[in-house]
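Structural overview for review
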Amino acid sequence: MDGRPRMGIIGVGWGARVQIPAFRAAGWDIVAICGRTPEKVQRIAAEHSIPHAFTDYRLLINLPQVDLVSIVTPPAWHKEMALAALAAGKHVLCEKPTALNAQEAREMWQAALVSDRIALIDHELRFLPTRRRMWEMIREGYLGTLYTVTYTYRSSFRRNPNRPWTWWSDAAQGGGILGALGSHMVDALRWWFGEITEVCGHLVTFIPERQDPKTGEKRPVTADDYAAFLARFGHDGYAEVSITAMALDTGQRVVAYGSEGVLILDEEERLWGTRYDERGPMHDFTVSNRHPAHPAGLPDTPFPMATVHLADALARALQGDDHALAGAATFEDGLHNQEVLDAIRQSHMTRQWQTV
Ligand SMILES: NC(=O)c1ccc[n+]([C@@H]2O[C@H](COP(=O)([O-])OP(=O)(O)OC[C@H]3O[C@@H](n4cnc5c(N)ncnc54)[C@H](OP(=O)(O)O)[C@@H]3O)[C@@H](O)[C@H]2O)c1
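As the structure is a computational prediction, the values presented were derived from the model and not from experiment. (Residues numbered from 1 in each chain as written. Predicted model: local features only at pLDDT ≥ 70, side-chain atom pairs only at ≥ 80, totals over all residues.)

With mixed pairing, the nine strands of this open sheet are ordered in space as β16-β15-β14-β13-β7-β12-β11-β8-β17. The sheet terminates laterally at β16 (283-284) and β17 (354-355), the two strands that pair on one side only. Those strands touched by helix α6 (residues 129-139) are β14 (261-265) and β15 (271-275), and its axis lies near 20 degrees from that of β15. Together, β8 (196-204), β11 (226-233) and β17 form the strand contacts of helix α9 (residues 331-350), whose direction differs from that of β8 by roughly 55 degrees. (Pairing = 2+ DSSP bridges. Helix = DSSP H or I, 4+ residues; strand = E, 2+ residues; numbered from the N terminus. Contact = placed C-beta atoms within 7 Å. Axes fitted to C-alpha atoms, helices over the stretch in contact; angles between N-to-C directions.)

Here it is in structure tokens:
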């Protein structure tokens, strides 16, 4: 394509806070945004000098100036919006979790297969240079055969009982920590170590009711704020994963033990490793995760940093670089991630191991 790539964003939560500055910094024109609340979407469009502000996503999707549609709405909308955007001939970046269930994710994947458009799930952490280094080291055999990997995620964002009831509290709308952060963790595990074939999972809701700001009434919370699962890979390695939104914001930690060595991705996204036949301290394999175009004001935390890298890769892909999106999470990955999430939920219900 000639000129700058052009984007429309549906959803102005994360879509406005992170994607507008990150994609602009990477050379994108943001030509339209869409939300449900007219005053809010108009205010955000005015603040960012975005020419079109819609409350009907179809208008954004059908705007000829939009090359790529970013779907940053609650998961219950992902399938409908992704199918419509692909049918309108747009490239699509869709938020995680892919959809409400694998059935929906499969329809999205099938629609992507028959289109010639880019169709990605926003698992942006795959674009962090240190995580890519880890992927390469695993491929090069640094760990040998994987025995176990432990992946933990500690955050505080559901601990306050006064946080209002939103879609996030509602399992039927795709809320909960397993979908929100667990989807990223499943994606990372599959990307680094291969397909997951069996899981045994447990989900907990610690705060059973929250106040609905619309009615002032308490509503039941049906979505999880803690999730833990064991996973077995096809090659017989195992993962132990736990995710909580009821802790302190200490972040993510991955520790992988193989037959030849260990790799640790710590809470600061630094990569450490040693082989068992070595003496001395661990080696530091960290690569700078900050993109040169990272804009002032956008936090230096993993997800925003990764979003700038992804935005840059997507821009290069639209400008004809065939390798720019190597290693991105496709709709096929989105389907497989969703199959794992569904199996974890099923395992929680049946209290048994579940085949993926
Ligand atoms: N990849 C990441 O790192 C990352 C980070 C955060 C969130 N996410 C994902 O992004 C998605 C949204 O999360 P969020 O935290 O941004 O939620 P949020 O703050 O609740 O924002 C959701 C946005 O979607 C809009 N919306 C909802 N239904 C719509 C519809 N039918 N048509 C048009 N707009 C609609 C809402 O409009 P109103 O403003 O008018 O209500 C709101 O602007 C989720 O899938 C979440 O998992 C991903």
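Right, picking up where we left off after that structure.
With that settled, consider the domain arrangement of the protein. Under the domain assignment used here, the protein contains domain 1 (6-125 + 304-329) and domain 2 (128-286 + 336-355). Centre-to-centre, using C-alpha coordinates, domain 1 lies 24 Å away from domain 2. When contributions to the side of domain 1 that touches domain 2 are tallied by element, the ones reaching two or more residues are α5 (102-114) and α8 (302-318). Of all the elements, α8 adds the most residues to the side of domain 1 that touches domain 2, at three residues. Class assignment for the residues of the side of domain 1 that touches domain 2 results in twelve nonpolar, five polar and one charged. (Domains from an automatic or database assignment. Nonpolar A, V, L, I, M, F, W, Y, C, P; charged D, E, K, R; others polar.)

Moving on to the sheet that holds strand β4 (residues 68-71). Spatially, the six strands line up as an open sheet ordered β3-β2-β1-β4-β5-β6, and their pairing is parallel. Either end of the sheet is taken by a strand with one partner, and the two such strands are β3 (52-54) and β6 (119-121). For this sheet, the mean angle separating the axes of adjacent strands, direction not counted, is 20 degrees. Bridging between strand β1 (residues 6-10) and β4 involves four bridges; their strand directions are parallel. The partner of Met7 across the bridge, within β4, is Leu68. Sitting on the sheet, helix α2 (residues 38-47) is in contact with β2 (29-34) and β3, with an inclination near 165 degrees to β2.

This brings us to the packing of α5 against α9. Across the interface, α5 lies against α9 with an axial gap of 9 Å and an inter-helix angle of 170 degrees. One element, α5, and the other, α9, form an angle in the roughly antiparallel class. Packed against α5, whose contacting residues are Ala102, Ala105, Arg106, Met108, Trp109 and Ala112, the element α9 presents Phe331, Glu332, Gly334, Leu335, Gln338, Glu339 and Asp342 at the interface. Class assignment for the residues of the contact of α5 with α9 results in seven nonpolar, two polar and four charged. (Parallel < 35°, antiparallel > 145°, perpendicular 65-115°, else oblique.)

The next thing to look at is the site of the ligand. Of all residues adjacent to the ligand, which total 22 residues, the nearest are Gly11, Gly13, Trp14, Arg36 and Thr37. Here the residues of the shell around the ligand sort into eleven nonpolar, five polar and six charged. (Near = placed C-beta within 6 Å.)

This next bit is on the pairing of strand β12 (residues 238-244). For strand β7 (residues 146-154) and β12, the ladder comprises seven bridges, and the chain directions are parallel. Bridging from a neighbouring strand, Thr148 pairs with Tyr238 of β12. Note: β11 against β12, seven bridges, orientation antiparallel. Residue pairing across strands places Arg232 opposite Tyr238, the latter belonging to β12. Where β11 folds back on β12, the antiparallel hairpin that results is connected by four residues, among which Asp236 adopts a positive phi of roughly 80 degrees.

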